Amino acid sequence: APAPAPAPAQPKGEETDPFASLDSVEVTSEVKVTVPVVQGLSFVTDEQLKASGAVMGNHEENVWVAQGQRTILSVGEGQGHVGDAFTVFRVRRSLYHPVTGEKLGYMVQVLGKAEITQLYPETSWARIIESWAEIQPGDRVMPFVQEPAAITEVRSGEEVKGSIVAFQPYRQRVGDNDFVIIDPATKQGRVGGRRLVAYRPAKEVRDPLTHNPLMVPDDVIGDLFVVKAGDTTSLALVMRAERELHVG
């Protein structure tokens, strides 16, 4: 049998790098967070509301409509096309910043989904293809956007600060798997996929014995995950809450 070929000689003065193979491979640690579907919850800005259309009812006496029925929308040519889908929603309450009093937008109830079937210069016929509540004239419509079932976590070293400014309608406190509206003060904080820590900030209190002022530490009470980011506010999912969260 032929003699085995000799192993290639290592250059003098150089050692084999046991981690060289790792350098040639891109190592990723992508984390995806599943977002629970909460029918009926959403938040819109003042600009989005002004740009929205309206449900106008139909020619029948019973103007309420539900899944499978038709209604007229104030969406005409240039605002949509046959086959376009629209989210149908109802404004529930205005949302103001708890500190500055600035109007942030509106908490809305999502009622269903409509699809344009006939388009005219100023209005259109639409069929309700999904509904979770009865729809009436005056309810609003805006172009439907398919929300992802899972969002990739975005990691960044940039510091993000802000506060919880609102909860879902008719909620005073929230916990795990609820949604909150936050106002991160930096652009990086208004990015879907950011994971944030919820905490009650450090404050000065008096020592009960000496009455001297002492600074108590931050109290970390939960984790948030930014689901949908806007120009001024973001919708975040409460991943974990050791105690109930409060506005502010």
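Residues numbered from 1 in each chain as written. Predicted model: local features only at pLDDT ≥ 70, side-chain atom pairs only at ≥ 80, totals over all residues. Heavy atoms only, no water.

**Thoughts on the overall build of the protein**
Counting its secondary structure elements, the protein contains 2 helices and 16 strands. At a minimum sequence separation of 6, the contacts of the protein that also span at least 24 residues come to 65%. Accessible surface, the protein: about 15,700 Å² in total, of which carbon and sulfur atoms supply 52%. (Helix = DSSP H or I, 4+ residues; strand = E, 2+ residues; numbered from the N terminus. Contact = heavy atoms within 4.5 Å. Areas by Shrake-Rupley, 256 points an atom, 1.4 Å probe, with all protein chains shown as cover.)

**Quick look at the pattern of salt bridges**
Under the criterion given, the structure shown has 6 salt bridges. Note that Asp139 is salt-bridged to Arg90, the shortest N-O span being 2.8 Å. Remark: Arg90 occurs in strand β5 (residues 85–96) and Asp139 occurs in the loop between β7 (124–131) and β8 (140–143); sequence separation between them is 49 residues. Linking Arg240 and Glu242 is a salt bridge whose minimum nitrogen-to-oxygen distance equals 2.9 Å. With relative accessibility at 29%, the residue Arg240 sits in the partly exposed group. Looking at Glu242, the relative accessible area reads 53%, which means it is exposed. Within this structure, Asp223, Arg240 and Glu242 form a network of salt bridges that share partners. (Salt bridge = Lys/Arg side-chain N within 4 Å of Asp/Glu carboxyl O. Buried < 20%, exposed > 50% of the residue type's maximum accessible area, 1.4 Å probe, protein only.)

**Some remarks on the sheet that holds strand β12 (residues 195–200)**
Here we have 5 strands laid out as an open sheet, ordered β10-β11-β16-β15-β12, and antiparallel in their pairing. The sheet is open, and its two borders are formed by β10 (164–167) and β12, each paired with just one other strand. Strand after strand, the sheet turns through a mean of 40° between neighbouring axes, direction not considered. In this sheet, strand β11 (residues 179–182) lies alongside β10 in antiparallel orientation, the contact comprising 3 bridges. When the bridges of β11 are listed, Phe167 appears paired with Val180. (Pairing = 2+ DSSP bridges. Axes fitted to C-alpha atoms, helices over the stretch in contact; angles between N-to-C directions.)

**Notes on the side chain of Ser52**
Following the sequence through the fold, Ser52 ends up in the loop between α2 (46–50) and β3 (53–57). Residue classification places Ser52 among the buried positions, given a relative accessible area of 14%. At a separation of 2.6 Å, a polar atom in the side chain of Ser52 contacts the main-chain carbonyl oxygen of Leu49. A polar contact of 3.1 Å, which involves the side chain of Ser52, links it to the side chain of Arg140. Among all residues touching Ser52, those that are not within four sequence positions of it are Phe89, Arg140 and Val141. (Polar contact = N/O pair within 3.5 Å; in protein donor to acceptor, adjacent residues only side chain to side chain.)

**Concerning a nonpolar patch on the surface**
Together, Val197, Tyr199 and Val220 give the surface a local cluster of nonpolar side chains, amounting to about 260 Å² of exposed area. The topology assignment puts Tyr199 in strand β12. Tyr199 gets classed as partly exposed once you look at its relative accessible area, which sits at 39%. (Patch = residues over 30% accessible without salt bridge, like charges linked within 9 Å, V, L, I, M, F, W, Y side chains within 5 Å.)

**Regarding the packing of aromatic side chains**
Under the criterion given, the structure shown has 0 aromatic pairs. Across the ring face of Trp125, the terminal group of Arg70 is positioned such that the distance to the ring centre comes to 3.8 Å. Its end group placed over the ring of Phe144, Lys113 keeps NZ or CZ at 4.0 Å from the ring centre. (Phe/Tyr/Trp six-rings, centres within 6.5 Å; stacked < 30°, edge-to-face > 60°. Lys NZ or Arg CZ within 6 Å of the ring centre and 35° of its normal.)

**Focus: the pairing of β3**
Each regular strand shows side chains that alternate between the opposite faces of the sheet. Here β3 pairs with β8 via 2 bridges, running antiparallel. Each residue of the ladder has a partner; that of Ala54, found in β8, is Arg140. As judged from the 2 bridges shared by β3 and strand β4 (residues 70–73), these two strands associate in the antiparallel manner. Across the sheet, Gly57 pairs through a bridge with Ile72, a residue of β4.

**Regarding unusual backbone geometry**
Apart from glycine, the bulk of residues carry a negative phi angle, and the bulk of peptide bonds sit in the trans form. Positive phi outside glycine occurs at Asn177, with the angle close to 65°. For His211, which is not glycine, the phi torsion reads 65° and is therefore positive. Relative to the elements of secondary structure, His211 occurs in the loop between β13 (203–206) and β14 (213–216).

**A word on the pairing of β14**
Where β13 meets β14, 4 bridges bridge the pair, whose relative direction is antiparallel. Along β14, the bridge assignment pairs Val205 with Leu214. The turn linking β13 back onto β14 is made up of 6 residues, and His211 within it adopts a positive phi angle of 65°.

In short, shape yes, function no, at least from these values alone.
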